[in-house]
Amino acid sequence: MIKKFLIPIAFLLFCAVTLAQNKIDINAIADVETKTISITQTITYKNESDTVLKEIYLHDWNNSFSNKSTPLAKRFEEEFSTKFHLAKSEERGFTLITTIKDQVNDTNLNFEYLKSHPDVIKVHLAEPLQPNASYSIYLSYILVIPDASFTDYGFTKTKDFELKYWYITPAVFDGEWHYYSNKNLDDLYVPKADVTITLTHPLNYRATSELDVIAMNPNTESRQQTTILHGKDRVDTYLSLNKFPRYGFVQTDDLILISNINEKGLPGSDKAILTDRITQFLAENLGEYPHKQLLVSSIDYNKDPLYGLNQLPDFLRPFPDQFQYELKLLKTSLKKYIDNVLLLNPRKEHWLSEGLQVYFMIKYVETYYPDMKLFGTLSDVWGLRAFHGADLDFNFQYFLYSMEIARKNRDQPLTTSKDSLIKFNANIAGKYKAGIGLNYLDEFSEDIDLSQTITEFLEQNKLKRASISDFESFLKSKTSKNIDWFFTDYVNTRKKIDFKINSIETLGDSIKLTIKNKRDNTMPISLFKLSNDSVIGKQWVENIKGSKTITVSKDSVDKFVLDYDNVVPEFNQRDNYKSANGSFINNKPLQFRLFKDIEDPYYNQVFFMPLVEFNNIYDGLTLGTKVYNKTILRKRLNYKFSPQYATRSKTLTGGFSVFYSHNLENQNLFDITYGLSAGYQSFAQDAFFTRIRPSLTFSFRDDSDFRKDQVDRITARYVSISRELGNNAIIEELDEPDYGVFNLRYTHSNPGIINFSRFNTDLQIADKFSKLSVNYEFRKLTQSNRNINLRLYAGVFLDNNTDPNSNFFSFALDRPTDYLFDLNYLGRSEDAGIFSQQIIIAEGGFKSKLETQFANQWMTTANFSTSIWRYIHAYGDLGLVKNKFSPAKFVYDSGIRLNLVEDYLELYFPIYSSLGWEIAQPNYDQRIRFIISVDPQVLLGLFRRKWY
């Protein structure tokens, strides 16, 4: 039986040696019980450059899991995941290399892992490798496979192997070495090679790969099977070794598609028909696939899913099962197909392959589902069909997601290295911007069919190492249009597209129209002529520097519109309309809508939303409405008016705010926000406050690295407070009914889930006092998985002429009076009961109620806690409290902290303090303190922080 396969295999290997540029032969033995794979391997590397090489660099991405300090571990930390950090040592993988030697001379070669890249090996060659010559390296090593919970690849809970980037591969050299560390971006850059894998594995397992199966040799005595796989000109390393036949095979006219992507309730026959349509679309638009099989896995899809309404639970999902499955399979197949055909640098030139993926998804939906809406079947539901979002096409989502990040001033150039992109840009916005950018270029380049031109480019560069410059040169050779703007402004910068129609002047049978480019770029814009909402003309206007005046025929036009078909990803579409008669009312009528909607640039929109809120125990449940202009996408100018009726205090409450933000690009000062807010609420039973607060905020960040979460903010504000008592108020008299405070704050924050720090200073100036405070917080999750928290606070009155018998403006040791009404107390005036036990860590930060609770001169404290086991911590506080006419007093407390969700849900159990053993004193349950946050916006921050 073995001899039967030896001759064809030997011939195949002989052909590979004589024809291949690079060759990798692997003999691997998989051990399920120890989660290891033992490998002996030969790498034949051809020097395709003009440089003599004295060393070769190899990627060993399995070793990126070896400790908590690798670039991969730091990547998890940056995205607020502690899963890898807290994992047991045996759950993390590594590589144990026993031999690297020159195969020809059988001599050991010196090698070392790079200090900053512990998953890259530098091998010193025994003899220099001349241009166009090859060098064969023999390796022997053992892979300890990591747990699949980290990246979805590895050893699974069902004891299967999902292997990607698992064996050692050479890096690409084209005059310089391109080696990169694994950062969970699925972007290993390797030269194509002829790969042969001889894998020995348990008999009840099956190896699934895109490589061709040469032989499957079972051995019933040893309960082992040897599977031999081979592929020519390969860069894909994925192999699934599993017990059950999880993959299905569909033979189409173009290729064999192997997949385990499923959709519940969809018959197999329908899947086969859809698969055939997809493979036909791929072949027509991307050219003939150079391999027999294309493998797409559920892991591929889960790492790059269809975002949006597609991710709702099945019973809420608004798209037909057929459409859902088709797009899942299409998106994943496009990605694999392009990556295996067009050999770009996936870390540095990722935008082109990702842009082509989205571009052809747009074309597919336009071809087969031209009537599919963004909301799917929900677009026809009563109530929902009144929303502007229900009118939008499915493909509008790409503009929506790309603009979401641009409006937040967090977008990055498409040419940014993939490991420097924030997660939202890497996973969503960057891909979508690239895709709609290609569609924009398609519409603009009217003298060519861009889709067909791309197909031709892919055919010419199939299985060749290509670059963005190759793509640019090819496109420019095909069109007479000037498309420099696409590669300079659109791709290579953060420059926004923003035009407006400035003025219209009628001159007999023609109209003189002035278009203003509000940004510094050379991107074109389309101009439409409308008559009774029907398009009667279209033209592209190019090279608009500042303003440009053009003359068009009058015809029967009654309105001019820029980018009427929404092809141009314009930053602000609200000023794209101009009535031919110059009427302001006709330009953008006022529109009132219930609930927030996607922005409709045709109208000036005002939204209404019913409110049911709980702000504090004095007002109870508040019922009302919010009148506002905020849409799904962020606007610079936002206003909100929210009158409410408080069911418990039986009075009208609510507030008003208006804010305007300047987004500044390409500098560290990235945002200037100024505005005004006012509010009216209860602060005790039948006691109310009115707060008026104008403010100005300057925000700074490192403009060269958006992945750094470090932010500096300077805020200047004036807080005017007016308090009043009703007839049924429990509070008898107010010490300070009306007051105003000027507040200047500086905050430096560096949030992180492993390392966290924040520093802020606070200066307050009022008629009767002035005070200065500093606060520093530090948190760290150590290598031994111990949480350490340290907070230092110091505050001093620069001047204090307040009533010495009142502590209203004093520094508080455990529970600030919050006279600026910044803190979200549920019962801020409570002295007893459960709501008096709520604390917010501010000022002194103590948890026990000590005899000296306030300081009217100065105070300094230190708060410390460390983990005992998981979320159970021990805490301790120390402080000095100084009041006028009294010596400084030393205070302390200690106890147990249950850190359920840090800063959002915590419990504190005092044990020993300046009062003695609190745990042994009466009414201990009233000494327990808690932190709780019920603000939805605050809780959403837990989700946003890993994406932005």
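The rules behind these values
Residues numbered from 1 in each chain as written. Predicted model: local features only at pLDDT ≥ 70, side-chain atom pairs only at ≥ 80, totals over all residues. Heavy atoms only, no water. Helix = DSSP H or I, 4+ residues; strand = E, 2+ residues; numbered from the N terminus. Rg over C-alpha atoms; globule rule 2.2 N^0.38 Å. Buried < 20%, exposed > 50% of the residue type's maximum accessible area, 1.4 Å probe, protein only. Contact = heavy atoms within 4.5 Å. Areas by Shrake-Rupley, 256 points an atom, 1.4 Å probe, with all protein chains shown as cover. Lys, Arg positive; Asp, Glu negative; His and termini not counted. Charge placed at Lys NZ, Arg CZ, Asp CG, Glu CD. Axes fitted to C-alpha atoms, helices over the stretch in contact; angles between N-to-C directions. Left-handed = near helix turned anticlockwise from the far one by under 90°. Nonpolar A, V, L, I, M, F, W, Y, C, P; charged D, E, K, R; others polar. Pairing = 2+ DSSP bridges. Polar contact = N/O pair within 3.5 Å; in protein donor to acceptor, adjacent residues only side chain to side chain. Salt bridge = Lys/Arg side-chain N within 4 Å of Asp/Glu carboxyl O. Parallel < 35°, antiparallel > 145°, perpendicular 65-115°, else oblique.

Student: Can you explain the overall build of the chain? Please cite residues and give values.
Tutor: When helices and strands are tallied, the chain shows 14 helices and 48 strands. Computed over its C-alpha atoms, the radius of gyration of the chain comes to 33 Å, within 12% of the 30 Å expected for a compact globule of 948 residues. Principal-axis analysis of the C-alpha atoms gives the chain an extent of 100 × 90 × 55 Å. Taken across its 948 residues, the chain has 54% of its residues classed as buried. Residue pairs at least 24 apart in sequence account for 64% of intrachain contacts in the chain once pairs closer than 6 positions are excluded. Just so you have it, the chain exposes about 41,600 Å², and 54% of that area is on carbon and sulfur atoms. The distance from the centre of the 111 positive side-chain charges to the centre of the 116 negative ones in the chain is 2 Å.

Student: Any chance you could break down the packing of helix 7 (residues 350-368) against helix 9 (residues 423-444) for me, citing the residues and the numbers?
Tutor: Angle between the axes and distance between the axes: these two values describe a pair of packed helices. With their axes 7 Å apart at the nearest point, helix 7 and helix 9 run at an angle of 65° to one another. Considering how the two elements wind past one another, helix 7 and helix 9 form a crossing that is right-handed. Judged by residue contacts, Trp351, Glu354, Gly355, Leu356, Val358, Tyr359, Ile362 and Lys363 of helix 7 engage Lys431, Tyr432, Ala434, Gly435, Ile436, Leu438, Asn439 and Asp442 from helix 9. Looking at the contact of helix 7 with helix 9 residue by residue, the class counts come to 9 nonpolar, 3 polar and 4 charged.

Student: Requested: an account of the sheet that holds strand 22 (residues 499-507), with residues and values cited.
Tutor: Taken together, the 3 strands give an open sheet; going across it, the order is 22-23-26, and neighbouring strands pair in antiparallel fashion. One side of each edge strand has no neighbouring strand; the edge strands of this open sheet are strand 22 and strand 26 (547-553). The sheet shows a mean angle of 25° between the axes of neighbouring strands, direction not considered. Relative to strand 23 (residues 510-517), strand 22 runs antiparallel, the two being bridged by 8 bridges.

Student: Please set out the environment of Ala73 residue by residue, giving values where relevant.
Tutor: As for its position among the elements, Ala73 is in helix 2 (residues 71-78). Spatially, the C-alpha atom of Ala73 lies 46 Å from that of Arg385, the residues being 312 residues apart in sequence. With residues near it in sequence (within four places) discarded, Ala73 still touches Asn67, Lys68 and Phe84.

Student: With reference to specific residues and values, describe unusual backbone geometry.
Tutor: The phi dihedral of Lys159 is positive, around 65°, even though this residue is not glycine. Counting through the fold element by element, Lys159 comes out in the loop between strand 9 (154-155) and strand 10 (161-163). Even without a glycine there, the phi angle at Asn566 is positive, about 55°. By the secondary structure assignment, Asn566 is in the loop between strand 27 (559-562) and strand 28 (577-579).

Student: Outline the side chain of Ser806, supporting the account with residue identities and numerical values.
Tutor: Summarising the element assignment, Ser806 is placed in the loop between strand 40 (787-800) and strand 41 (811-812). Judged by relative accessible area, which is 10%, Ser806 ranks as buried. A distance of 3.1 Å separates the side chain of Ser806 from the side chain of Asp735, its partner in a polar contact.

Student: I'd like to hear about the pattern of salt bridges, residue by residue, with values.
Tutor: Per the stated rule, a full pass over the model turns up 64 salt bridges. In this structure, the salt-bridge partner of Glu326 is Arg277, at a minimum N-O distance of 2.7 Å. Separated by 49 residues along the polypeptide, Glu326 in helix 6 (residues 321-341) and Arg277 in helix 4 (residues 268-286) bring together distant segments of the chain. Shared partners join several salt bridges into a network, and the residues in it are Arg758, Glu777, Arg779, Arg897, Glu902, Asp903 and Glu906.

Student: Got a sec to walk through the packing of helix 7 against helix 10 (residues 450-460)? Specific residues and values, please.
Tutor: Where helix 7 contacts helix 10, the two axes come as close as 12 Å, and the packing angle between them is 135°. What the angle tells us is that helix 7 and helix 10 run oblique. Considering the relative orientation of helix 7 and helix 10, their crossing is left-handed. Residue-level inspection shows Leu356, Tyr359 and Phe360 of helix 7 in contact with helix 10, the latter providing Leu450, Ser451, Ile454 and Leu458. Of the residues contributing to the contact of helix 7 with helix 10, the split by class is 6 nonpolar, 1 polar and no charged.

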